[in-house]
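Spelled out from the first residue to the last, the chains are:
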Amino acid sequence: MIIVMSPGSNAEQLQRVQNKVEKAGLRCHLSTGEDRTIVGVIGDKKAIANLEMNMMEGVEKTVRITEKYKLVSRDFEPQDTVIDVGGVKIGGDNLTVMAGPCAVESKEQLREAAKVVREGGAKFLRGGAFKPRTSPYDFQGLACDGLKMLREAADGEGLKVITEIVDSDDLEVIGEYADIYQVGARNMQNFQLLKALGKAKKPVLLKRGLSATISEWLNAAEYILAGGNKDVILCERGIRTYETFTRNTLDLSAVAAVKELSHLPIVVDPSHGTGRWQMVRPMARAAVAAGADGLIIEVHPHPEVALSDGDQSLTPKNYLSLMTDLRDIAALMGKKL
Ligand code: PEP
Ligand code: MN
């Protein structure tokens, strides 16, 4: 349920509303807008059903929310969430690009990648150290050594780090080296991991599951917010359909849907979304035009020898020209790159 306070209501009336909600064993989530305050009520369904707030002074109206997710909902928080990652902003009028190889392979590979990633204007270096591969015989990542390499290469160019977490036991070690935890498509509904990330002190980028509906995806995000971590970035990375030409079907309509349903920032991954480097540029441009808050793109200094996802990785040259296009489209969309 949300309780909309009337524009002229005062702090005392708001306090009385909060007290009544808390007395019923429920929790309040406050959203203070320019002209009115919204109180989101979360907790036991029955207790919410029995809560009578309409007659209280200062209350304009109450609205019952039928969706299961609450904290991620735009009804609860009408303003766009902007996440500040050590001075780099994600959401609002910012276009944030995260780029780098699929997997961390070597110091040299990352040094080259980080240099071009920074040159193009991206703010984050991406790279997996723990790789959730479809086959157990594929390269599984360099684990902790990879994390150290990633941090070192990023620091050398003044970049932030985003990397995937696959196991909640790695929360601490990844938190030591990364600025954002990435939850991969295969783990979108790993609820133990989501709960652990709800207690983490760093932002989380939550990829859409391979066959997840938008509602399932937002409910997955709700797990993280419900745990106390409000800094969640959603990432559309393509879904499984009957099409085989592309690796996945990039659902750009998800950008518009998420903007309608949620206040959380959304970025698009045109690399995994298509699986083909030739399609990364047009889809990246379309994502920004659709209103995405950022992109996560695979870039490899030598895609032909990449240990994973070479087919969908941009060469440095192609990445740099894409970034030039994006600057123009971002400006049209009123966003800063
Ligand atoms: C990745 O970003 O390297 C990755 C494994 O992506 P996804 O979880 O979208 O498949
Ligand atoms: Mn990849």
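Residues numbered from 1 in each chain as written. Chains lettered and ligands numbered in written order. Predicted model: local features only at pLDDT ≥ 70, side-chain atom pairs only at ≥ 80, totals over all residues. Heavy atoms only, no water.

(A) Up close: the packing of helix α3 (residues 107–120) against helix α11 (residues 316–332). Between α3 and α11, whose axes approach to 9 Å, the crossing angle comes to 20°. Accordingly, the angle class assigned to the pair α3 and α11 is roughly parallel. The interaxial crossing formed by α3 with α11 has right-handed handedness. The segment α3 lies against α11, with Val116, Val117, Glu119 and Gly120 engaging Pro316, Tyr319, Leu320, Met323 and Arg327. For the contact of α3 with α11, the per-class residue count stands at 6 nonpolar, 1 polar and 2 charged. (Axes fitted to C-alpha atoms, helices over the stretch in contact; angles between N-to-C directions. Helix = DSSP H or I, 4+ residues; strand = E, 2+ residues; numbered from the N terminus. Parallel < 35°, antiparallel > 145°, perpendicular 65-115°, else oblique. Left-handed = near helix turned anticlockwise from the far one by under 90°. Contact = heavy atoms within 4.5 Å. Nonpolar A, V, L, I, M, F, W, Y, C, P; charged D, E, K, R; others polar.)

(B) Quick look at the site of ligand 1. Taken together, Cys102, Arg126, Lys131, Glu164, Gln182, Gly184, Ala185, Arg186, Lys207, Arg237, His272 and Glu298 make up all the residues around ligand 1. A distance of 2.8 Å separates an oxygen atom of ligand 1 from a polar side-chain atom of Arg186. Here ligand 1, which alone exposes 300 Å², has 97% of that area covered by the protein. Of the residues contributing to the shell around ligand 1, the split by class is 2 nonpolar, 3 polar and 7 charged. (Near = heavy atom within 4 Å. Polar contact = N/O pair within 3.5 Å; in protein donor to acceptor, adjacent residues only side chain to side chain. Areas by Shrake-Rupley, 256 points an atom, 1.4 Å probe, with all protein chains shown as cover.)

(C) The domain arrangement of the chain, seen in detail. Per the domain assignment, the segments of the chain are domain 1 (2–63) and domain 2 (83–332). Of note, the centres of domain 1 and domain 2, computed from C-alpha atoms alone, are 37 Å apart. (Domains from an automatic or database assignment.)

(D) Spotlight on the sheet that holds strand β1 (residues 2–5). The 4 strands are arranged β2-β3-β1-β4 in an open sheet whose pairing can be described as antiparallel. Only two strands of the sheet have a single neighbouring strand rather than two, namely β2 (27–32) and β4 (59–63). Across this sheet, the average inter-strand angle for adjacent strands is 20°, counted without regard to direction. Summarising the sheet, β1 and β4 pair through 4 bridges and their orientation is antiparallel. (Pairing = 2+ DSSP bridges.)

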